[in-house]
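# Coordinate analysis (summary)
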Amino acid sequence: MMAGAMTYYNEGGFECANISGYCIPLLKPGGVGWVRVIFYTNIEPGTYNGTITVRYGPWIVSDECMERGSFTEKATLTIFPADFDASPSTLAFQAGKSCRVEHQSSTITNLAPCGQAFTMQDDQPWLSQSARWPCGWWGCPLGAGESGEVWVNVSTYGLSPGNYSGTIYVKNKSMTKEVNVNLTVTSSEEVCDGIDNNCNGQIDEGCDVCEDKDGDGHYAISPRCPQGDDCNDSDAKVYPGAPEVCDGKDNNCNKVPDEGCCEGSVSVYPSEVWPFMPEAQRPSGYSEDWTKSTITISLTKPAPPGGCDINFEVEPVTDSGGHIDNGHTVIRPKGTVNSVTIPINAIEGKAEYRSSEVSGEERIIAKVGEKKVGEATIKVRVPGLYPMPGGDYRLTGQRTAHPDNHYGTYYTVVNTHAVAEDFYRQFNATLGINDMSLEWGGLFDIYGNWSPPHSSHRKGTSVDIDRNAQGPNGYIPVDRNSIEKICRKYSGHLIPEPTIHCEFPQ
Amino acid sequence: MKNRWIFSLMIIAFLTLTSFAHIPSPLKDVKVAAAVKLDSATGLYEYRYSIFNPPTNDGKIFIFQIDISKPLNGKELNSAGLVIQRGMNIQGKMMIRSFEEEVARMKETLEKLVIPVGAIPPLGYSFPGWTADITVMGTVMWGGSEQSLILPGQTVGGFVLTSYGLPGIRDAIMSPFIDYDNLPEEYYENVELTKQLQDSLEYHTKTIGPTAPPADFKPLDFLNYIIDLKHQAFSLGWIKDKGIEESLDAKLESAKKKIAEGNTGAAKNILNAFINEVEAQGCETYENCPPGKHLTSEAYALLKYNVRYLIDKL
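Per chain, residues are indexed from 1 in the order of the written sequence. By the order in which they are written, chains take letters starting at A while ligands take numbers starting at 1. Per-residue local features of the predicted model are confined to residues with pLDDT of at least 70, and side-chain atom pairs are confined, for both listing and counting, to 80 or more; whole-chain, interface and lining totals are unaffected and use all residues. Values shown for side chains rest on all heavy atoms present in the structure; no hydrogens or waters enter the calculation.

Further remarks concern unusual backbone geometry. Cis geometry marks the peptide bond from Tyr269(A) to Pro270(A), where omega comes out at -5 degrees. The helix count covers DSSP runs of H or I at least four residues long, the strand count covers runs of E at least two residues long, and both are numbered beginning at the N terminus. For Pro270(A), the location among the structural elements is in the loop between β16 (264-269) and β17 (272-273). Phe127(B) connects to Pro128(B) through a cis peptide bond whose omega is 5 degrees. Its location among the elements puts Pro128(B) in the loop between β6 (118-120) and β7 (131-134). The backbone of Cys253(A) shows a phi angle near 55 degrees, a positive value even though the residue is not glycine. Residue position: Cys253(A) is located in the loop between β15 (176-186) and β16. Residues other than glycine seldom take positive phi values, yet Asn73(B) does so here, at roughly 65 degrees. Here Asn73(B) lies in the loop between β3 (61-67) and β4 (83-88). Using a 1.4 Å probe on the protein chains alone, a residue whose accessible area is under 20% of its type maximum counts as buried, one over 50% counts as exposed, and one in between counts as partly exposed. The exposed category is assigned to Asn73(B), whose relative accessible area is 61%.

The next thing to look at is the pairing of strand β5 (residues 94-98) of chain B. Residues and elements named next belong to chain B. Burial along β5 is one-sided: the residues Met95 and Arg97 are buried and none of Met94, Ile96 and Ser98 is. Examined bridge by bridge, β4 and β5 share four bridges and lie antiparallel to one another. Bridging from a neighbouring strand, Gln85 pairs with Ile96 of β5. Only strands that DSSP links by at least two bridges are regarded as paired with each other.

What follows concerns the packing of helix α4 (residues 219-235) of chain B against helix α7 (residues 297-313) of chain B. The relative placement of two packed helices comes down to the angle between their axes together with the axis-to-axis distance. Residue and element names in this part refer to chain B. Following both chains from N to C, one finds α4 and α7 inclined at 170 degrees, their axes separated by 10 Å at the closest point. When the axis of α4 is compared with that of α7, the two are roughly antiparallel. Residue-level contacts link Pro219, Phe222, Leu223, Tyr225, Ile226, Leu229, Lys230 and Ala233 of α4 to Ala299, Leu302, Leu303, Asn306, Val307, Tyr309 and Leu310 of α7. In this classification, Asp, Glu, Lys and Arg are treated as charged, Ala, Val, Leu, Ile, Met, Phe, Trp, Tyr, Cys and Pro as nonpolar, and every other residue, Gly included, as polar. Of the residues in the contact of α4 with α7, the class split is 13 nonpolar, one polar and one charged. Every axis in this analysis is a line fitted to C-alpha atoms, fitted for helices over the stretch in contact. Angles between the N-to-C directions lie between 0 and 180 degrees. Roughly parallel covers angles under 35 degrees, roughly antiparallel covers those over 145, roughly perpendicular covers 65 to 115, and oblique covers all other angles. Whether two residues are in contact is decided by their heavy atoms, any of which lying within 4.5 Å being enough.

What is shown is where atoms sit, not what they do.
Here you go:
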């Protein structure tokens, strides 16, 4: 008995012995009956073996001449694979809007060693299919190894341009295979794209031949010339990859006209200037020209139509010139530069830098709008200042904002040294040498606010002397007359200040 | 009670006045008297000066300077034994520095070459008193103190120079005391304005001081130089009588002719006569100069010692 796979019926030749309402197959002597064996084949392919046992005996009808017994018959069932192939499994359609496309096909091949029937379905309203071989109500049969074509039709009526996808399902009694269908709906206007966009059966009718009117080797950009890339086919200086020149045009077709036309470099001459000096503090021979520098902007390309409007930013370099910025309470003053326009086709422009009263290093950044053109550095300083060497005196007055406050001209440093030594010889006490000038001179804002009270002390000629000197037994007041004499001996003179201020010649 | 109130007002007025900035008037008509004595054994000249600050001035003289710059092509002079007595130190001892040492210390900033000198300040003042120094500007500078300023109407002597240099006409500068602590606000840290004030208050005059004779000595040129000195001395009022001036002039012109002729003997005789006249008509010192003398001690020294030098060189 093949469990679940086979059953049998009393099919014919038997009489029916009615026992208690049941029909018991009954064969009379010499009678023939047959049994129909039915196989249920919804199982995996393979070979299945079973046995049919027939029992007989007299227990149904009392008959002493009949002995009881049974006999068996073997039954073998072979289930073949129901495989098939659908190829190609993907179909691609491209059609203009409202076009009907005839068909493409996929071939179904029966890979089973026996015949089987196929059915087909689709899942999109714009998609349809049909077998191209005879079919019945149960499906479309193909013998072992036979093939048949399935025609796949699409219709773009009512579809907007865009991409669509659908599926054809090919089934036999045990498996399903999919044929994917991709559809691209294009415009209904005929464009030069290799597609019959307007569904008139002609592809790319009316497309012009690509033209290069300006002879620059590039076709004009046009709907009828898909490969065209020349953004201006009437100008031989305009095409992709052309060198960008400063002519107001987008020469290289990157949609940016005249890029790089206001780029260049910046130089400063002289690269070192004096800080601006108020009138009362100017050394002999001083000229405001000393505070000016010429800034040259050299463009890499001639200026484009409209020119290059160059503006400048001046950024003081932190902690330069003898000022420690974080010891200051407000923003450091800085030099100024006038804006300049470099006219069309010019390759150079000049601007003028003017220093502030504050010494230090400054970055001069040239810009067109917010775009940096270049930058240079300028030093604002009183030249030739030296630090005080050691000696019989004390250096005083250092502050956070100005830790080095003892710079002077060579003449001042040497003479200050001599003044202090002469004082020491006479009074046996060390002078406190207070503020002189900063390392680079210029405004000496003792309170770190970029303002006087030190209106002098800018050019290395001013020396403040503390009013008390340190002797062996403590501090003693400095005799102002004695200091004045010693100061004068070395060509200096006093000026009024809270300390004793000796001013030396430049 | 009323007297006490008036007294209080006077005190307030005094304090107010004294706290006001006082800028003295420019010094005027300061008299510098100079006399020279030669130590014939050593060849060293001693120059002594006295300064009179007229009572019409309101400034106190604080600094006195004499130019000692070396003339172009001047002869190198001996500096042996020349010392600067620089004044007292806080221990009351005189600070002494040789001329050579003083100049060596200033060699980097010395603005002019100077002729070798020794210098002595007026003595007898309490510390810090007067000081004497050579300055980088090429002067000898005497400087006073609060206790030793030359007040209006006062005469102070004792400023001494020693040198192997012959007497010449030199610039002298007197500077008044300025109270820098109480100057008006506009002078505060104003370098130029303060310097202008200082310069405007100074008094410049001429005196005699050591100078160097030419290195390339030529008798005629030197005689012409003496003639020029004589003219300047007359202009400066050091030769007070025109007749004497002409007489001296005649002798110098006569000597000049003799030198030009190569007759040095005759020239020497005339120049000795010139010296005799100077000694007769002049005063060797400024302290004791009778009214009848027509040459001041400046003219006396200037003419006598330069002519003597010429005679010795002929």
